There are 2 protein chains.
Amino acid sequence: MKSPSHPRDRGIPEATVARLPLYLRALHGMAERGVATVSSEDLAVAAGVNSAKLRKDLSHLGSYGTRGVGYDVEYLVYQISRELGLTQDWAVAIVGVGNLGRALAGYGGFVSRGFRIAAVFDADPEIVGDDIAGLNVEHIDELEAVIKRRGVSIVVLATPAAAAQEVCDRVVAAGVTSILNFAPVVLTVPDGVDVRKVDLSIELQILAFHEQRKAGGPLMAVDSQ
Amino acid sequence: MKSPSHPRDRGIPEATVARLPLYLRALHGMAERGVATVSSEDLAVAAGVNSAKLRKDLSHLGSYGTRGVGYDVEYLVYQISRELGLTQDWAVAIVGVGNLGRALAGYGGFVSRGFRIAAVFDADPEIVGDDIAGLNVEHIDELEAVIKRRGVSIVVLATPAAAAQEVCDRVVAAGVTSILNFAPVVLTVPDGVDVRKVDLSIELQILAFHEQRKAGGPLMAVDSQ
DNA sequence: GTGACTTTGTGCATCGGTTCACAAAAGGAT
DNA sequence: ATCCTTTTGTGAACCGATGCACAAAGTCAC
Ligand SMILES: NC(=O)c1ccc[n+]([C@@H]2O[C@H](COP(=O)([O-])OP(=O)(O)OC[C@H]3O[C@@H](n4cnc5c(N)ncnc54)[C@H](O)[C@@H]3O)[C@@H](O)[C@H]2O)c1
Ligand SMILES: NC(=O)c1ccc[n+]([C@@H]2O[C@H](COP(=O)([O-])OP(=O)(O)OC[C@H]3O[C@@H](n4cnc5c(N)ncnc54)[C@H](O)[C@@H]3O)[C@@H](O)[C@H]2O)c1
């Protein structure tokens with residue numbers, strides 16, 4: 001007990017951060033089923049990871065387990081939520097209300113975790129003014145004004161690839177520093193802005209690579225070229 | 001020059017495989033713009049990676065560059081495509097034709113890279129029989145039969161979370177070994193089956209974590225608890 | 001209280017991936 | 001033919017992440 005409450009270690013490994021939502025999801029399921037405490041082993045299985053990894057991940061947040069017992073489900077949910085910033089709610093805007101944008105806007109899984117769709121934008125005058133999942137589609141010209149007025153801090157890009165960089169530049173200029181990009185382009189942003197990308201096509205190509213290995217590996221092998 | 005043509009190294013690092021589609025996309029753009037050759041530096045910028053990393057990645061496929069010149073764009077496109085298995089075409093099925101499934105089915109970015117939507121399934125009798133992006137929605141009861149008949153080798157899961165594991169078990173039983181999962185659940189599959197997941201909610205939570213740090217880091221810092 | 005048992009938290013070895021930095025290779029100029 | 005420039009391909013150091021394995025810390029039964 002030298003440095004008492006000093007797990008306040010600023011600097012959680014990125015790999016750990018990426019897994020916390022997984023643990024959180026598993027814990028929510030358990031809480032719903034009335035489970036009060038859970039061992040690292042059980043939680044690890046539920047989250048699909050190694051139990052040593054899970055313990056090390058949790059140890060970065062602090063010492064929240066009880067040896068011989070495990071972790072208190074509710075308490076751990078709270079601690080992880082707090083660490084991820086889910087105890088506050090986040091205003092999210094979606095730009096581009098096409099096939100994908102529409103699906104995203106109507107998705108309930110957003111709201112369930114402190115994310116609130118605060119605005120949706122499109123450039124097409126046919127679409128602007130429409131009601132999508134209870135939200136009025138704003139014109140892209142209003143981007144900066146609406147972002148500021150509604151305190152949007154995370155933007156989801158679902159425009160065609162050709163428009164993505166331009167829209168990105170504008171939301172960054174409007175002060176947004178967190179972007180989730182669905183368009184298949186590499187976005188260029190200043191330091192301090194986080195971009196995460198979701199690219200379906202890349203995922204399929206990775207699957208195809210492994211599928212090809214599985215199919216061809218044992219058999220063909222010797223294709224000269 | 002001991003082992004002459006021995007870049008035929010089975011065993012490309014996973015991190016490299018995940019970047020090849022990125023290079024491929026950048027190269028396609030260059031080919032369209034009529035660029036004949038490209039240096040690792042330029043291609044790296046276009047793909048948003050470090051040039052040393054790019055060269056090491058490409059070196060895993062073979063020695064396809066020319067020192068002092070760079071890489072032949074067309075030739076590199078071919079080599080990467082071949083490595084990823086994109087020279088053959090892949091029959092993909094989508095299960096769950098809701099908000100998301102519909103957007104995916106209508107997405108052109110699929111087809112452009114050797115992926116062909118061969119079937120879409122749903123359990124809802126209201127939806128079965130509908131025409132979605134030129135495809136007849138099949139009943140989930142037909143899953144195994146249609147998968148085999150049409151040679152589906154990659155399945156995209158876009159059902160609600162509660163149905164995902166069950167559907168997964170069935171497609172695996174039908175012989176599919178590559179799955180792209182959009183449902184927010186950890187799927188359990190036998191060895192030899194690849195599952196990749198896309199989870200929007202996790203991405204947002206990671207962004208929220210960093211956003212919180214950016215906002216709170218400089219200022220608050222000393223919140224006792 | 002004592003001892004048997006359970007489970008956490010972490011030191012340590014290991015691994016895969018990244019990046020630097022440079023020799024080797026190719027092309028072009030003279 | 002020689003030199004100079006460019007750019008690849010890779011050895012080697014470095015860095016973060018993983019997973020084993022175990023001591024420390026706690027619980028529970030008696
Ligand atoms: N649909 C999918 O399943 C899917 C999958 C993966 C990636 N994507 C990518 O997501 C993006 C959107 O896909 P989609 O299928 O919804 O396309 P879409 O064409 O249906 O929708 C794009 C929308 O963006 C709007 N838009 C265009 N320029 C704009 C601008 N400057 N500002 C604001 N809005 C603008 C258009 O009016 C349209 O409504 C694309 O980049 C696509 O490559 C889509
Ligand atoms: N919509 C989004 O933007 C979004 C984003 C991220 C993740 N997701 C996830 O993707 C999945 C689909 O989302 P959605 O918004 O399209 O949901 P949805 O409810 O609109 O669609 C689900 C579809 O699956 C069908 N279905 C249900 N059980 C089935 C079964 N056993 N076999 C075949 N089909 C079945 C339903 O009939 C429905 O048509 C969900 O797991 C959701 O959590 C959605």
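A few points on the structure. (Residues numbered from 1 in each chain as written. Chains lettered and ligands numbered in written order. Predicted model: local features only at pLDDT ≥ 70, side-chain atom pairs only at ≥ 80, totals over all residues. Heavy atoms only, no water.)

Looking now at the site of ligand 1. Surrounding ligand 1, one finds 24 residues, the nearest of these being N99, L100, D122 and T159 of chain A together with Y107 of chain B. A distance of 2.6 Å is found between an oxygen atom of ligand 1 and a backbone nitrogen or oxygen belonging to T159 of chain A. Contact between ligand 1 and A161 of chain A: an oxygen atom at 3.5 Å from a main-chain N or O atom of the residue. In isolation ligand 1 has 820 Å² of accessible area, and contact with the protein removes 82% of it. Looking at the shell around ligand 1, the elements that each hand over two or more residues are helix 5 (99–105) and helix 8 (161–173) of chain A together with helix 5 (99–105) of chain B. In terms of residue count, the dominant contributor to the shell around ligand 1 is helix 8 of chain A (3 residues). (Near = heavy atom within 4 Å. Polar contact = N/O pair within 3.5 Å; in protein donor to acceptor, adjacent residues only side chain to side chain. Areas by Shrake-Rupley, 256 points an atom, 1.4 Å probe, with all protein chains shown as cover. Helix = DSSP H or I, 4+ residues; strand = E, 2+ residues; numbered from the N terminus.)

The full set close to DNA strand D counts 26 residues, and K56 and R67 of chain A together with S40, R55 and Y71 of chain B are the nearest of them. At the protein interface, 62% of the atoms of DNA strand D within 4 Å belong to sugar or phosphate. Between a phosphate oxygen of DNA strand D and a side-chain N or O atom of K53 of chain A, the distance comes to 3.4 Å. One of the backbone nitrogen or oxygen atoms of S40 of chain B is found 2.5 Å away from a phosphate oxygen of DNA strand D. Among the elements of the structure, helix 1 (14–32) and helix 3 (51–59) of chain A together with helix 3 (51–59), strand 2 (65–66) and strand 3 (70–72) of chain B are those that each provide at least two residues to the surface near DNA strand D.

Here chain A sits on chain B after a turn of 180° about the axis and a move of 0.0 Å along it, with an RMSD of 0.0 Å. Seen this way, the second copy is the image of the first under a two-fold rotation axis. Mapped onto chain B, 98% of the interface residues of chain A are again interface residues, and the two copies thus contact each other with one and the same surface. (Least-squares fit on C-alpha atoms with pLDDT ≥ 70 in both. Contact = heavy atoms within 4.5 Å.)

Here the focus is the interface of chain A and chain B. Each side of the interface is counted separately: chain A has 66 residues, and chain B has 66 residues. Taken together, both faces of the contact between chain A and chain B bury some 5,800 Å²; the carbon and sulfur share is 62%. At the surface where chain A touches chain B, the tally comes to 8 salt bridges. Linking E83 of chain A and R213 of chain B is a salt bridge whose minimum nitrogen-to-oxygen distance equals 2.9 Å. In this structure, the connection of chain A to chain B is made through 26 residue pairs in polar contact (both at pLDDT 80 or more). Counting residues per element, the side of chain A that touches chain B draws most heavily on helix 9 (residues 200–216) of chain A, which supplies 15 residues. (Buried area = accessible area lost by both parts, 1.4 Å probe. Salt bridge = Lys/Arg side-chain N within 4 Å of Asp/Glu carboxyl O.)

The local shell around DNA strand C holds 26 residues, among which S40, R55 and Y71 of chain A together with R19 and R67 of chain B are the closest. When atoms of DNA strand C within 4 Å of the protein are split into backbone and base, the sugar-phosphate part holds 65%. Contact distances for DNA strand C include 2.9 Å between a sugar or linking oxygen and a backbone N or O atom of G68 of chain A. Breaking the surface near DNA strand C down by element, the ones donating at least two residues are helix 3, strand 2 (65–66) and strand 3 (70–72) of chain A together with helix 1 (14–32) and helix 3 of chain B. Per-element accounting of the surface near DNA strand C gives the leading share, 4 residues, to helix 3 of chain B.

Right, let's get into the packing of aromatic side chains. Residues and elements named next belong to chain B. In total, this model carries 2 aromatic pairs over all chains according to the counting rule given. Ring centres 5.5 Å apart and planes at 85° place the aromatic pair Y64 and Y75 in the edge-to-face group. Placement of the pair is Y64 in the loop between helix 3 and strand 2 and Y75 in helix 4 (residues 73–84), with a sequence separation of 11 residues. Judged by its relative accessible area of 39%, Y75 is partly exposed. (Phe/Tyr/Trp six-rings, centres within 6.5 Å; stacked < 30°, edge-to-face > 60°. Buried < 20%, exposed > 50% of the residue type's maximum accessible area, 1.4 Å probe, protein only.)

Turning our attention to the packing of helix 4 (residues 73–84) of chain A against helix 9 (residues 200–216) of chain B. Each pair of packed helices gets described by two things: the angle between the helix axes and the distance between those axes. Packing of helix 4 of chain A against helix 9 of chain B brings their axes to within 7 Å, and their N-to-C directions diverge by 65°. In terms of orientation, helix 4 of chain A and helix 9 of chain B fall into the roughly perpendicular class. For the pair formed by helix 4 of chain A and helix 9 of chain B, the contact residues are R82, E83 and L84 of chain A on the first element and Q205, A208, F209, Q212 and R213 of chain B on the second. The residue inventory of the contact of helix 4 of chain A with helix 9 of chain B, partitioned by class, reads 3 nonpolar, 2 polar and 3 charged. (Axes fitted to C-alpha atoms, helices over the stretch in contact; angles between N-to-C directions. Parallel < 35°, antiparallel > 145°, perpendicular 65-115°, else oblique. Nonpolar A, V, L, I, M, F, W, Y, C, P; charged D, E, K, R; others polar.)

This part takes up the pattern of salt bridges. Overall, the coordinates contain 18 salt bridges over all chains when judged by the stated rule. The shortest N-O distance in the salt bridge between R19 of chain A and D57 of chain A comes to 2.7 Å. Highlighted residues: R19 of chain A in helix 1 and D57 of chain A in helix 3, separated in sequence by 38 residues. The exposure classification of R19 of chain A matches that of D57 of chain A, with both residues buried. Residues joined in a network through salt bridges with shared partners are D194 of chain A together with E211 and K214 of chain B.

A word on the environment of S201 of chain A. Tracing the backbone through its elements, the reader meets S201 of chain A in helix 9. We classify S201 of chain A as buried; its relative accessible area is 13%. When the C-alpha positions of S201 of chain A and V73 of chain A are compared, they lie 37 Å apart, and in sequence the two are 128 residues distant. Once residues lying within four places of it in the same chain are set aside, the contact partners of S201 of chain A are G109 and R113 of chain B. Looking at S201 of chain A, its side chain comes within polar contact range of the side chain of Q205 of chain A, at 3.0 Å.

Of all hydrophobic cores here, the largest spans 102 residues; its most connected members are Y23 and I80 of chain A together with Y23 and I80 of chain B. Among residues more than four places away in sequence, those in contact with I80 of chain B are L20, Y23, L24, L27, L58 and L61 of chain B. (Core = buried A, V, L, I, M, F, W, Y, C linked by side-chain atoms within 4.5 Å.)

A few words now on unusual backbone geometry. Residue and element names in this part refer to chain A. A positive phi angle is found at A133, which is not glycine, with a value near 50°. By the secondary structure assignment, A133 is in the loop between strand 6 (131–132) and strand 7 (135–139). Residue A133 is classed as exposed on the basis of its relative accessible area, which comes to 52%.

All names here are of chain B. The strand order across the open sheet formed by 3 strands is 1-3-2, and the pairing between neighbours is antiparallel. With one partner strand each, in any of the chains shown, strand 1 (37–38) and strand 2 form the two edges of the open sheet. As defined by bridge partners, strand 1 adjoins strand 3 across 2 bridges and the pair is classed as antiparallel. Directly across from V38, in strand 3, lies its bridge partner Y71. (Pairing = 2+ DSSP bridges.)

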